[in-house]
Amino acid sequence: STQSTGSSGINAEYGKQWYQRRVRGHFVRSLSLQLPSIREPVQMTSAYSSNLPSYGSKRDVGKALLQTLGAPSNSVRDRKAPEHWNAALNMHVRLSDKDKNKAETQREASNRLIKDLDQKTKSKQAEINRQLQDRITTVAYWKQRLTTEHAAICQEITNLTMSKQKTQQALASTELPTEVSTNCLKNRENREAIDLVQDLVDDELINELNMLSEVQKLLATRINDSDHRLRVLNDCKSCLEYDIRDKEECLRLDEHCYKLNNGSAGLQQIAQPSLYDGHTSTVEKHESFSQENLEKSEIARVMSCLQRELNDFSINKSNDELQKQSELVGSMFRLRLKELTDAKTGLDGQLEKTNQEISSVEDSPPPTERSAPQQGWSNEGGHHQVRRASQATQC
């Protein structure tokens, strides 16, 4: 009884230690430390060697040792049946398979999502590249139109400036004829007595002065209109230059964006890239703005062409009218000079005849047969005739 009591005490002590180690998760390591190795011969103590049956193999010895050591009582820990262990194992295997299947399904879904996103990204990038190419073509087209219109309006500014200078020269050329006509009228005011008449020469000189004044007003008006057209052309030119600079900047940015790809350096993610400022203009506004600039420039060029034609027409018409008036004044002067020459020739002939008559009267002798009173009367009459002849000569 003493030996059996000692053996049961030892078994209980070993069972308690084994339970504590199993709870801590070190059953295998503790078992390898406490139990002798299977490959080594088992040395039984006298305390429990009498209770172990004899087995013919080391495996039987281990089983017997485990049965001898035993487990804690049923009140502390219950033993599980093998079918429960198998059921738990199968349950864990099924749960593991289920989780594995879920993981595989999730992985496949993730791969499909990655492929879909990659495909969508590539298609979106291709679409954006196509839109960028279309945008570059459109902006280049508008830039070309603006550049052509800018060159045309610069040429028109040059042409209108030359037309304005020509008009100014025509206006300056009217100063000398005005001065000549004015001096002619002033000089004709120096005529004396009956020669101070309002003849056709005076009338035509006055008409020429009036015509010159009207021509000067017309040319001054054309010059002012040319200045106004030049201001409009310069404003249109400035708008075109601003628009061309905007198009060049837009082309630079779009071409830079078109060259970017996923491997480009310096790329970084931007939060909410699709948002834009509410004041940003749309494509329609952008094109309509350029179209308005082109239309304004074309209208300004057309008006400038009309202004140049008006300037040329006014200059040519003024020159023709002034030339005709100058010829008319010259013909009146020639007619008047002819009249004066004829009058002077007639007066010279009459003067010569008068002088001859005076000479003949002075050279004729008085009659001797008449009486002294008669002779006195005759001499007095001769003296009166001489005086009248002298007055005629002075006239």
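Residues numbered from 1 in each chain as written. Predicted model: local features only at pLDDT ≥ 70, side-chain atom pairs only at ≥ 80, totals over all residues. Heavy atoms only, no water.

Asks: Before we go on, may I ask you to explain the packing of helix α5 (residues 175-188) against helix α6 (residues 200-259) in this structure?
Replies: Each pair of packed helices can be described by the angle between their axes along with the distance between the axes. Where α5 meets α6, the closest approach of the two axes is 10 Å, and the angle between their N-to-C directions is 150°. The angle between α5 and α6 places the two elements in the roughly antiparallel class. Judged by the sense of rotation from one axis to the other, the crossing of α5 with α6 is left-handed. Between α5, through E175, P177, T178, S181, T182, C184, L185 and R188, and α6, the contact on the second element is made entirely by V201, D202, L205, I206, E208, L209, L212 and Q216. Of the residues belonging to the contact of α5 with α6, the class tally is eight nonpolar, four polar and four charged. (Axes fitted to C-alpha atoms, helices over the stretch in contact; angles between N-to-C directions. Helix = DSSP H or I, 4+ residues; strand = E, 2+ residues; numbered from the N terminus. Parallel < 35°, antiparallel > 145°, perpendicular 65-115°, else oblique. Left-handed = near helix turned anticlockwise from the far one by under 90°. Contact = heavy atoms within 4.5 Å. Nonpolar A, V, L, I, M, F, W, Y, C, P; charged D, E, K, R; others polar.)

Asks: Help me understand the packing of helix α4 (residues 82-173) against α5, please; the structure alone is not making it clear to me.
Replies: α5 packs onto α4 with a crossing angle of 10° between their chain directions and a minimal axis gap of 4 Å. By the angle between their axes, α4 is roughly parallel relative to α5. Across the interface between the two elements, L171, A172 and S173 of α4 pack against E175, L176 and P177 of α5. The residue makeup of the contact of α4 with α5, split by class, is four nonpolar, one polar and one charged.

Asks: I keep staring at the side chain of S297 and nothing clicks. Help me out?
Replies: Inspection of the secondary structure puts S297 in helix α7 (residues 283-363). Not counting chain neighbours up to four residues away, the residues in contact with S297 comprise E149, I153, C236 and L240.

Asks: Looking at this model, I keep getting lost on a nonpolar patch on the surface. Mind explaining?
Replies: Residues W85, L89 and V93 make up a contiguous nonpolar surface patch of roughly 310 Å² in combined accessible area. Mapped onto the elements of the fold, L89 is located in helix α4. Overall, L89 belongs to the partly exposed group, its relative accessible area being 39%. (Patch = residues over 30% accessible without salt bridge, like charges linked within 9 Å, V, L, I, M, F, W, Y side chains within 5 Å. Areas by Shrake-Rupley, 256 points an atom, 1.4 Å probe, with all protein chains shown as cover. Salt bridge = Lys/Arg side-chain N within 4 Å of Asp/Glu carboxyl O. Buried < 20%, exposed > 50% of the residue type's maximum accessible area, 1.4 Å probe, protein only.)

Asks: Is there a simple way to explain the pattern of salt bridges in this structure?
Replies: Summed over the entire model, instances satisfying the criterion amount to twelve salt bridges. One salt bridge connects D227 with K164, and the closest N-O pair in it is separated by 2.4 Å. With a gap of 63 residues between them, D227 in helix α6 and K164 in helix α4 connect regions that are remote in the sequence. The residues D227 and K164 share a single accessibility class, namely buried. The residue D342 makes a salt bridge to K338 at a minimum N-O spacing of 3.2 Å. Here K338 and D342 lie together in helix α7, a separation of four residues that amounts to about one turn. Overlapping salt bridges, with partners in common, bring together E127, R130 and D134 in one network.

Asks: I would appreciate a short explanation of the nonpolar core in the present structure.
Replies: Soluble globular proteins tend to bury their nonpolar side chains together. With twelve residues, the main nonpolar core is built from W142, L146, I153, I157, L160, L230, L233, C236, L240, I244, L294 and A300. Elements that contribute at least two residues to this core include exactly α4, α6 and α7. Apart from the residues within four sequence positions on either side, L240 is in contact with L146, E149, H150, I153, N293, L294 and S297. Ranked by size, the runner-up nonpolar core spans seven residues in total, among them A170, L212, V215 and I315. (Core = buried A, V, L, I, M, F, W, Y, C linked by side-chain atoms within 4.5 Å.)

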